[in-house]
Amino acid sequence: MTRYINIALAKGRLAELSAGLFRDIGIFCGDVDDDSRKLIISDEENKVRLFLVKPGDVPVYVEYGAADIGIAGRDTLLEEGRNVYEVLDLGFGACRMVLAGPGAIKDSFSLMSNKRVATKYPRIAREYFDHKMKESVEIIKLSGSVELAPLTGLSDVIVDIVESGKTLKENGLEVFETIASISARMIVNRVSMKMESDRINKIIADIRQMLAERNKTAG
Amino acid sequence: MAKWKMYTPEGMQDILPWECYPKRVIEERLRSLFRSFAYYEAETPAVEFLDVFSAEPGLTPQETMFKSFDEQGRILVLRPDITIPVVRMAATKFRDLPEPYKIFYIGNMYRFDEHGGGRQKEFTQAGAELLGADTPEADAEIISIAANAMLAAGLKEFQIDIGQVGFFKGLMHEAGLQGDEIEKYRQLVDRKDIIGIEELAENRKIREDIKKLLTKLPVSFGSPEAVADFRSKAPNSICREALDNISEVIGILEDYGLGKYISIDLGMVSSLKYYSGIIFKGFTYGIGYPLLSGGRYDGLSEIFGVKRPATGFSMGINMLMSAMSRQKIGLAKPLTEYLVWYDRNDPEARRLAFAKAETLRREGFTTEVCISGKNIGDACIYASSKGIGEVLEIKADGTFSKHAARK
């Protein structure tokens, strides 16, 4: 009996693009619909199952082996810090993780002694200040609209993802430094990679080839 | 007051009788397996000085250890690992004994960050250490014990991946990298993050041929052909020796008849603080973490003042049990064979009942004596509720009759 390969996709902006990858390599995913009540979609022919979870949960499912493969943004992977194989850069969902703040404090920022940092990514922010800046700061965890924090005096700066930088600009904020470049990644459970290496390697190779062809036609 | 009296701390669990029974059965199987290879069990204290585990910077991250103080203010830890204490023990207590030392242990470890086995902070490990031997035969012996431990536990489908950190070290040497830089590459290779390796190599202007080999490492697993391919491109003798070593160990494992369980992963690069040569990990279905891991750690004993090559492995018993239950491999269950019943108002019957129970126990049957049933009917109901096979009614004249357990 062939075992199912379980794939966890992040709900939201990456879901449709991720599902499209599998459809393009011939793994039928049905309609991946965020509103659908059905939690698991299966492809009986290829013995593949697919499910949508909150972005932050993708690396958790994959680390525990509940999903063999996952697709999530690199921001999520860095924030979760899970022990998984990161095998492919899928290219889409590209943006940057940055340190940003009001232009007025850009030059004096490094001299401030008690820095307050608002972010949705406390781990990334902490690691950045621990390892790169070698200092302890006050991390303020927020769930959204992080740009508001420096404007209202909640924090001095923010650590967040930016795509175009338009929102920052409109709110009088500037990028101080880029912490990491972000895009969607394919991750694989460490045991699945070994125990199901033939099937998983085929999926990786097929997607890699398909991405290369896409790039060629685009370029 | 006493708000937490009903709870166990997070990551600490009661092991209930019906869970403990199969656990002990597995531990016993492993114990006899290790002994059959002429390894003998040792115990080290559950509490050690912090210094034992942090003799070298980065050996055991301090945030993973449970700490307290002794009367003199020295820092104590609950052991996060037994390999290091075993090496300490050998370095300080075995001075004049002939090498090699073959030691095994089964015991509980304590870690704040334990990922496997459902993230328990207290968990049981069984493992074997071979100290004072640097031959490929020694590496192969430890790997064969690891494979046999999986088989002894009842697993049929599993895989042991073998790597050699020397190849990676040779590449780093060739690239002229040191310390933190090496650690960065190590993590990227170990995560199979090819993009990350390319980016880093690009920024640091690594030689093109080394970069190519580094980006090939993460995908070089599975068949032994990878070794030959890398052998032809190896830039220095450190790399070549590592590859020859891995081929040799695999050859020996073929002779053990274990070839079908063995696979190669040159991209597996575990902590360089600890490992110095052959490393390996064991996997099976149903659990997302390696079940066992081990390898050669020739530099460790030197920290304790004695140069002594060594290799060993440990496996997580809690994880092994989850894997077995997910693979529907039957776990041993406690079984009581007889319930002895007598009329509690009859002193003669009581004496005979105890004698009968004793005889049965000596014959190897698990036997319970009924201590509260008013009549044989109660005894049969009790036997049925506890899953006891048969009820023996003992009479004062020395005869007895058998009754089936019933509801």
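Cut-offs used in this document
Residues numbered from 1 in each chain as written. Chains lettered and ligands numbered in written order. Predicted model: local features only at pLDDT ≥ 70, side-chain atom pairs only at ≥ 80, totals over all residues. Heavy atoms only, no water. Helix = DSSP H or I, 4+ residues; strand = E, 2+ residues; numbered from the N terminus. Rg over C-alpha atoms; globule rule 2.2 N^0.38 Å. Contact = heavy atoms within 4.5 Å. Lys, Arg positive; Asp, Glu negative; His and termini not counted. Charge placed at Lys NZ, Arg CZ, Asp CG, Glu CD. Areas by Shrake-Rupley, 256 points an atom, 1.4 Å probe, with all protein chains shown as cover. Domains from an automatic or database assignment. Buried area = accessible area lost by both parts, 1.4 Å probe. Salt bridge = Lys/Arg side-chain N within 4 Å of Asp/Glu carboxyl O. Polar contact = N/O pair within 3.5 Å; in protein donor to acceptor, adjacent residues only side chain to side chain. Nonpolar A, V, L, I, M, F, W, Y, C, P; charged D, E, K, R; others polar. Buried < 20%, exposed > 50% of the residue type's maximum accessible area, 1.4 Å probe, protein only. Phe/Tyr/Trp six-rings, centres within 6.5 Å; stacked < 30°, edge-to-face > 60°. Axes fitted to C-alpha atoms, helices over the stretch in contact; angles between N-to-C directions. Parallel < 35°, antiparallel > 145°, perpendicular 65-115°, else oblique. Left-handed = near helix turned anticlockwise from the far one by under 90°. Pairing = 2+ DSSP bridges. Patch = residues over 30% accessible without salt bridge, like charges linked within 9 Å, V, L, I, M, F, W, Y side chains within 5 Å.

(A) Geometry of the overall build of chain B. If you tally the helices and strands in chain B, you get 14 helices and 16 strands. Here chain B has a C-alpha radius of gyration of 27 Å; the compact-globule value for 407 residues is 22 Å, and the former is much larger. Along the longest, intermediate and shortest principal axes, the C-alpha atoms of chain B span 95 × 55 × 45 Å. Contacts in chain B between residues far apart in sequence, at least 24 positions, make up 69% of those at least 6 positions apart. Side chains of chain B carry 53 positive and 58 negative charges; the gap between the two charge centres is 5 Å.

(B) Representation of the overall build of chain A. Scanning chain A for helices and strands turns up eight helices and 11 strands. On the principal axes, the C-alpha backbone points of chain A span a range of 65 × 35 × 35 Å. Contacts spanning at least 24 positions in sequence make up 69% of the contacts within chain A whose residues lie at least 6 apart. About 10800 Å² of surface is accessible on chain A, with carbon and sulfur atoms providing 49% of the total.

(C) Layout of the domain arrangement of chain A. Residue and element names in this part refer to chain A. As assigned here, chain A comprises domain 1 (5–93 + 183–218) and domain 2 (95–181). Each of domain 1 and domain 2 was reduced to a C-alpha centroid, and the two centroids are 30 Å apart. Taken together, the contact between domain 1 and domain 2 spans nine residues of the former and 10 residues of the latter. A combined buried area of about 780 Å² lies between domain 1 and domain 2, and 48% of that area is made up of carbon and sulfur atoms. Sorting the residues of domain 1 by area buried against domain 2 places D75, L78 and E79 first, and these three jointly supply 60% of that buried surface. On the surface where domain 1 and domain 2 come into contact, there are zero salt bridges. Applying the counting rule to domain 1 against domain 2 returns four residue pairs in polar contact (both at pLDDT 80 or more). Taken together, the residues of the side of domain 1 that touches domain 2 break down into one nonpolar, three polar and five charged.

(D) Inspection of the environment of B:P347 at higher detail. All names here are of chain B. Its place among the elements puts P347 in helix α13 (residues 347–362). Judged by relative accessible area, which is 60%, P347 ranks as exposed. Separated by 49 residues in the primary sequence, P347 and A396 have C-alpha atoms spaced 8.2 Å apart.

(E) Region of the structure containing the packing of aromatic side chains. Residue and element names in this part refer to chain B. Scanning the entire structure with this criterion turns up 16 aromatic pairs over all chains. Relative to Y261, the ring of F158 has its centre 4.3 Å away and its plane inclined at 10°; by these criteria the two rings are stacked. Of this pair, F158 sits in strand β7 (residues 158–164) while Y261 sits in the loop between α11 (237–255) and β9 (262–265), and the two are 103 residues apart along the sequence. With a relative accessible area of 5%, F158 lands in the buried category. Seen from their ring centres, Y338 and F365 are 5.5 Å apart, and the 80° between their planes marks the pair as edge-to-face. A residue pair is termed long-range when its members are at least 10 positions apart, and Y338 in strand β13 (residues 338–342) and F365 in the loop between α13 and β14 (367–369) qualify at 27 residues. Y338 gets classed as buried once you look at its relative accessible area, which sits at 15%. Of the aromatic side chains, those joined through ring pairs into one cluster are F34, F104, F280 and F313.

(F) Highlighting the packing of helix α1 (residues 15–24) of chain A against helix α8 (residues 197–218) of chain A. Residues and elements named next belong to chain A. The interhelical angle for the contact between α1 and α8, taken along N-to-C directions, is 105°, at an axis separation of 9 Å. With respect to α8, the element α1 is oriented roughly perpendicular. Where α1 approaches α8, its residues G20, L21, F22 and D24 are matched on the opposing element by I203, I207, M210, L211 and R214.

(G) Just the packing of helix α1 (residues 17–36) of chain B against helix α5 (residues 136–153) of chain B, in detail. All names here are of chain B. Where α1 meets α5, the axes come as close as 9 Å, and the angle between the chain directions of the two elements is 145°. Between α1 and α5 lies a crossing of right-handed hand. In contact with R29, L30, L33 and F34 of α1, α5 contributes I145, N148, A149, A152 and A153. When the residues that make up the contact of α1 with α5 are grouped by side-chain class, the tally is seven nonpolar, one polar and one charged.

(H) Quick peek at helix α8 (residues 194–204) of chain B. Restricting attention to buried positions, one finds in α8(B) the residues B:I194, B:I195, B:G196, B:I197, B:L200 and B:A201. Directly after α8(B), the chain includes B:K205, whose backbone phi takes a positive value near 55°.

(I) Just the sheet that holds strand β4 (residues 69–73) of chain A, in detail. All names here are of chain A. What the six strands build is an open sheet, ordered β2-β3-β1-β4-β11-β5; its pairing is mixed. The strands lining the two open edges of the sheet, one partner per strand, are β2 (40–43) and β5 (85–89). For this sheet the average axis-to-axis angle between neighbouring strands, irrespective of direction, equals 25°. Looking at chain direction, strand β1 (residues 5–10) and β4 are connected through three bridges and run parallel.

(J) Spotlight on the pairing of strand β12 (residues 310–316) of chain B. Residues and elements named next belong to chain B. Among the seven residues in β12, seven count as buried, and that is most of the element. Side chains A310, G312, S314 and G316 project from β12 onto one buried face, and the interleaved T311, F313 and M315 project onto a second face that is buried too. For strand β11 (residues 292–296) and β12, the ladder comprises five bridges, and the chain directions are antiparallel. Bridge pairing in β12 links G295 to G312.

(K) Quick peek at a nonpolar patch on the surface. Together, B:W4, B:M6 and B:Y7 make up an exposed nonpolar region whose accessible area comes to about 470 Å². Under the relative-accessibility criterion, B:W4 is labelled exposed at 59%.

(L) Main features of the environment of B:K205. Residues and elements named next belong to chain B. Note that K205 resides in the loop between α8 and α9 (208–216). Judged by its relative accessible area of 71%, K205 falls in the exposed class. Between the alpha carbons of K205 and G11 there is a distance of 45 Å; along the sequence they are 194 residues apart.

(M) A look at the interface of chain B and chain A. Between chain B and chain A, the contact holds 22 residues from the first and 23 residues from the second. Our count for the contact surface shared by chain B and chain A stands at five salt bridges. Note that B:D190 and A:R190 form a salt bridge whose closest N and O atoms lie 3.4 Å from each other. Here the residues of the side of chain B that touches chain A are counted per class, giving nine nonpolar, four polar and nine charged.

(N) View of the side chain of A:E79. Residues and elements named next belong to chain A. With respect to the element layout, E79 can be found in helix α3 (residues 74–80). The charged side chain of E79 is buried without a salt bridge, its nearest counter-charge being R123 at 6.2 Å. Within polar-contact distance, the side chain of E79 engages the backbone nitrogen of I124 at 3.1 Å. Those residues within four positions of E79 in sequence are excluded, and the remaining contacts are Y121, P122, R123 and I124.

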